[in-house]
Amino acid sequence: MTTALPYTRTPNPQPATPERVAEVLAEPGFGQHFTDHMVTIRWNREQGWHDARVEPYHSLELDPAAMVLHYGQAIFEGLKAYRRPDGTIASFRPQANAERFRASARRLAMPELPDELFLGSIRELLAVDSRWVPTVAEDSLYLRPFLYATEKGLGVRPATEYLYVLIASPAGSYFAGGLKPVTVWLSTEYVRAAPGGTGAAKFAGNYAASLVAQAQAAEQGCDQVVWLDAVERRWVEEMGGMNLFFVLGSGPDARVVTPELSGALLPGITRNSLLRLAADFGYGVEERRFSTEEWEKKAESGELTEVFACGTAAVITPVGHVKHADGEFSVSGGATGEVTLRLRERLTGIQQGLVEDSHGWMTEL
Ligand code: PLP
Ligand code: COI
C-alpha cells in the first residue's frame, strides 16, 4: 500500500495580497473564495497513485469524452481546519473523512485513496495556505477533497484513470440566517436514495438528484428538504447536506433520537460525534427509525421538544417549522432548544480548541 508519495511543489507566483486575504476572512461566506494552492494526485491502472503535486489554484483540463462527464464517477468529502487560540491549526476527525472517502470510492467502483495520502494532501495544502485559516470564532477553512474519472472513452465501465484534487475555502456560516431556526419541506414526491443505491456514499450524483426537490422546497418558502425513505415515504432519513436529530423530553431526562443508518443516508461524522457528546451529557441516545407521523404527533403533544440538523458545513442548525403537502407544524413554537445549544457549544468548543478534546478528535497535520 502506498503510504507516501514524493510531491512536486510549485508555489503560486501571484498569491493573494495580505489585504485581499484579510478582506475575504472578514466575511468568508461559504464556498465563494479559494486559497492560493491546490493538491492533485493521479491514478491509473498501470501506476496506481502517482504524480502528487501542490500547484497554484488553477482550472482543470478535461477531455470532452472524459468518463466523469458522461457516466458521473465523482465523489467528494468535506472537512474543516480550525485555528486554535495558541495559533496552531487542527482539523476535526480527518481520519474519519479519509475512511468515508474510501467507502464512497468502493461504492462507485473507483480506486481507494490510501488514508495516508488523503491526510498527507491536507498536510501539504495547509503547509502553504495556512494564512487562509480564519482566526474569528467559529469560522474555519473548509477542505474539499474530490476524485473523478478522467479516462477518455464512451464505453460504460469503471474508468481506468482518475484525478484526486484537494481545494480549500475559508468558511463562515452555511446558512445566511446563522443560528436562526430553519423551515423544512418533507419531500414525498421525490426521493434522494433507495435501498441498494448510492445514498450512503458522498457521491456527486446524490446532490444533483436532490436539486429539483430543493427548488420545490424554496417555492414552498422552506430552507431545506427532508428526505424520506424511498419505499414507504414515511421514515425520516436526512436533509440534502445534513443529518437530523430529534429531542424527546427535556432537562436531564431528555433523549436524543437520530435515524438509524439505513444504507440510504450519509453516515455523518458530525452525527457520530454528537451521539457521543449526547451520551457524555447523560442524555438517552437512540438510533432508530423515526416517522413523519411521530414527528408531527409528538410535536403537537409537546413530547418532541427540539429538532436540529448537523453536518460539517451546517454545524448544528435548529429546525423550527415543518411543511408538507397536507399542512405544516412547529416544534416548540420554532424556538431553539437547550439540548441543541448545549451540544452545539460543546462541539464548536472542541473544534476551536476552547474545551478539552476528551475524544481525541482534533488532529494537527
Ligand atoms: N448528509 C449529507 C447528504 C451530507 O452531504 C452531509 C455533509 O457532509 C452530511 C449528511 C453530514 O455529514 P458530516 O457530518 O460528515 O459533514
Ligand atoms: C459538508 O457539510 O461538508 C457538505 O458536504 C454538505 C454540503 C451541502 C456543503
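Residues numbered from 1 in each chain as written. Chains lettered and ligands numbered in written order. Predicted model: local features only at pLDDT ≥ 70, side-chain atom pairs only at ≥ 80, totals over all residues.

As annotated in an unreviewed UniProt entry, the chain carries the name Branched-chain-amino-acid aminotransferase and is attributed to Saccharothrix tamanrassetensis. Quoted verbatim from the Cofactor (unreviewed entry) field of the UniProt record, the comment on the chain reads "pyridoxal 5'-phosphate". UniProt's Sequence similarities (unreviewed entry) comment on the chain is quoted here verbatim: "Belongs to the class-IV pyridoxal-phosphate-dependent aminotransferase family." (UniProt positions renumbered as here; feature names shortened; annotations may be inferred.)

A. Focus on the overall build of the chain. The helix and strand tally for the chain stands at eight helices and 18 strands. For 365 residues, the compact-globule estimate of 2.2 N^0.38 gives 21 Å, and the chain sits close to it at 21 Å. For the chain, the spread of C-alpha atoms along the three principal axes comes to 60 × 50 × 35 Å. Counting over 365 residues, the chain shows a buried share of 42%. Pairs at least 24 apart in sequence give 72% of the contacts found in the chain among residues at least 6 apart. (Helix = DSSP H or I, 4+ residues; strand = E, 2+ residues; numbered from the N terminus. Rg over C-alpha atoms; globule rule 2.2 N^0.38 Å. Buried ≥ 20, exposed ≤ 12 C-beta atoms within 10 Å, placed from the backbone. Contact = placed C-beta atoms within 7 Å.)

B. Quick look at unusual backbone geometry. Look at R93: it is not a glycine, yet its phi comes out positive at around 50°. Relative to the elements of secondary structure, R93 occurs in the loop between β6 (89-92) and α3 (94-107). The backbone of V315 sits at a positive phi, close to 55°, despite the residue not being glycine. Structurally, V315 can be placed in strand β16 (residues 315-324). For V315, a count of 23 C-beta atoms within 10 Å puts it in the buried group.

C. Quick look at the site of ligand 1. If you check the shell around ligand 1, you find G78, E238, G241, M242, N243, L266, G268, I269, T270, R271, G311 and T312 and nothing else. In terms of residues, the shell around ligand 1 owes the most to one element, helix α6 (residues 269-280), which gives three residues. Looking at side-chain class alone, the shell around ligand 1 contains three nonpolar, seven polar and two charged residues. (Near = placed C-beta within 6 Å. Nonpolar A, V, L, I, M, F, W, Y, C, P; charged D, E, K, R; others polar.)

D. Expanded view of the packing of α6 against helix α8 (residues 338-352). At a minimum axis distance of 10 Å, the contact between α6 and α8 shows a crossing angle of 115°. In terms of axis orientation, α6 runs roughly perpendicular to α8. Our pair here, α6 against α8, has a crossing hand that is right-handed. Residues S273, L274, L277 and A278 of α6 pack against L343, R346 and L347 of α8. Counted by class, the contact of α6 with α8 contains five nonpolar, one polar and one charged residues. (Axes fitted to C-alpha atoms, helices over the stretch in contact; angles between N-to-C directions. Parallel < 35°, antiparallel > 145°, perpendicular 65-115°, else oblique. Left-handed = near helix turned anticlockwise from the far one by under 90°.)

E. A look at the UniProt feature "modified residue: N6-(pyridoxal phosphate)lysine" (unreviewed entry) in the chain. Under the feature "modified residue: N6-(pyridoxal phosphate)lysine" (unreviewed entry), the UniProt entry names K202. Its location among the elements puts K202 in the loop between β9 (182-187) and α5 (204-219). Since 26 C-beta atoms lie within 10 Å of it, K202 is described here as buried. Sequence-distant contacts of K202, defined by excluding residues within four places in its chain, comprise I75, F76, E77, R100, S104 and L266.

F. Expanded view of the domain arrangement of the chain. Under the domain assignment, the chain is made up of domain 1 (8-171) and domain 2 (182-352). Spacing between the C-alpha centres of domain 1 and domain 2 amounts to 28 Å. The set of elements that each furnish at least two residues to the side of domain 1 that touches domain 2 consists of β4 (74-76), β5 (79-83) and α3. With six residues, α3 is the single largest residue contributor to the side of domain 1 that touches domain 2. Looking at the side of domain 1 that touches domain 2 residue by residue, the class counts come to twelve nonpolar, four polar and seven charged. (Domains from an automatic or database assignment.)

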